[in-house]
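# Structural overview for review
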Amino acid sequence: MVQVPVYYFSSGSGMVKLFATRLGRPVFDLGNRHVRRSVPEGPWVLLTPSYKTGNPDNDALPEPVRRFLRHPLTRRRLVGIMGSGNRNFGAHYQAAARQIARASGRPILFEFELQGTPWDLERAREILAELDARYSHVEG
Ligand SMILES: Cc1cc2nc3c(=O)[nH]c(=O)nc-3n(C[C@H](O)[C@H](O)[C@H](O)COP(=O)(O)O)c2cc1C
């Protein structure tokens with residue numbers, strides 16, 4: 001069965017990267033320019049942290065994620081979003097993932113804090129396996 005790929009962004013602290021690389025499926029790093037310029041060939045999932053700065057205009061969406069989502073086909077093929085955040089950010093918890101969900105109409109599939117717990121990883125794997133089954137016959 002084809003595995004739905006996960007495209008992720010992770011900062012220098014690498015918490016999302018750690019989680020992504022343990023999912024046991026194809027994952028692509030949006031910190032890589034070639035990845036950012038590509039267009040997923042079929043259904044894909046976004047995994048993003050949130051980064052609120054002191055700037056009131058900042059919407060917590062990492063810039064590489066914003067750029068990747070510029071392509072209409074990329075947006076159309078997005079099937080869901082997973083978010084990593086930190087509850088210390090209160091009202092801004094998961095701001096980036098939730099904003100993309102609102103704007104795209106795609107569901108938040110899963111939210112976790114920091115690099116996630118072993119349980120978080122297991123749950124994310126299950127959710128993605130369900131997507132594999134659902135999208136195994138879908139083209140573009
Ligand atoms: C400067 C800064 C701003 C952050 N802003 C938010 C935020 O607005 N909402 C949230 O849920 N988490 C926020 N976080 C937490 C990160 O999203 C979280 O730690 C995530 O796991 C980081 O993933 P990464 O290490 O792969 O970049 C922030 C962290 C930092 C360092």
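Reference entry: report on the structure contained in this document. (Residues numbered from 1 in each chain as written. Predicted model: local features only at pLDDT ≥ 70, side-chain atom pairs only at ≥ 80, totals over all residues. Heavy atoms only, no water.)

What the rule picks out here adds up to 7 aromatic pairs. Geometrically, the ring pair formed by Phe110 and Phe112 is stacked, given 6.1 Å between the ring centres and 25° between the ring planes. Residues Phe110 and Phe112 agree in their burial class; the two are buried. Ring centres of Phe110 and Trp119 lie 6.2 Å apart, and the angle between their planes is 50°; this geometry places the pair in the tilted category. Given the relative accessible area of 59%, Trp119 is considered exposed. Through a chain of ring-to-ring contacts, the aromatic side chains of Tyr7, Phe28, Trp44 and Phe68 assemble into a single cluster. (Phe/Tyr/Trp six-rings, centres within 6.5 Å; stacked < 30°, edge-to-face > 60°. Buried < 20%, exposed > 50% of the residue type's maximum accessible area, 1.4 Å probe, protein only.)

Here the focus is the sheet that holds strand E2 (residues 27-29). Judged by pairing direction, the sheet is parallel, and its 5 strands sit side by side in the order E2-E1-E3-E4-E5 without closing on themselves. Since the sheet does not close on itself, it has two edges, and those belong to E2 and strand E5 (108-113), each with one partner. When strand polarity is set aside, the average angle formed by the axes of neighbouring strands in this sheet is 20°. One ladder, built from 6 bridges, connects strand E3 (residues 44-49) with strand E4 (residues 78-85); its direction is parallel. Bridge pairing in E4 links Thr48 to Gly83. Across the sheet, helix H5 (residues 95-104) is in contact with E3, E4 and E5; its angle to E4 comes to roughly 160°. In the packing of helix H6 (residues 118-135) onto the sheet, contacts are made with strand E1 (6-8), E3, E4 and E5, and the angle to E5 comes to roughly 165°. (Pairing = 2+ DSSP bridges. Helix = DSSP H or I, 4+ residues; strand = E, 2+ residues; numbered from the N terminus. Axes fitted to C-alpha atoms, helices over the stretch in contact; angles between N-to-C directions. Contact = heavy atoms within 4.5 Å.)

What follows concerns the site of the ligand. Among the 18 residues in the neighbourhood of the ligand, the closest are listed as Ser10, Ser11, Ser13, Tyr51 and Ser84. One of the backbone N or O atoms of Val16 is found 2.7 Å from an oxygen atom in the ligand. Within the backbone of Lys52, an N or O atom sits 3.0 Å from a nitrogen atom of the ligand. The fraction of the free accessible surface of the ligand (640 Å²) that becomes covered by protein chains is 83%. Considering only residue class, the shell around the ligand consists of 7 nonpolar, 10 polar and 1 charged. (Near = heavy atom within 4 Å. Polar contact = N/O pair within 3.5 Å; in protein donor to acceptor, adjacent residues only side chain to side chain. Areas by Shrake-Rupley, 256 points an atom, 1.4 Å probe, with all protein chains shown as cover. Nonpolar A, V, L, I, M, F, W, Y, C, P; charged D, E, K, R; others polar.)

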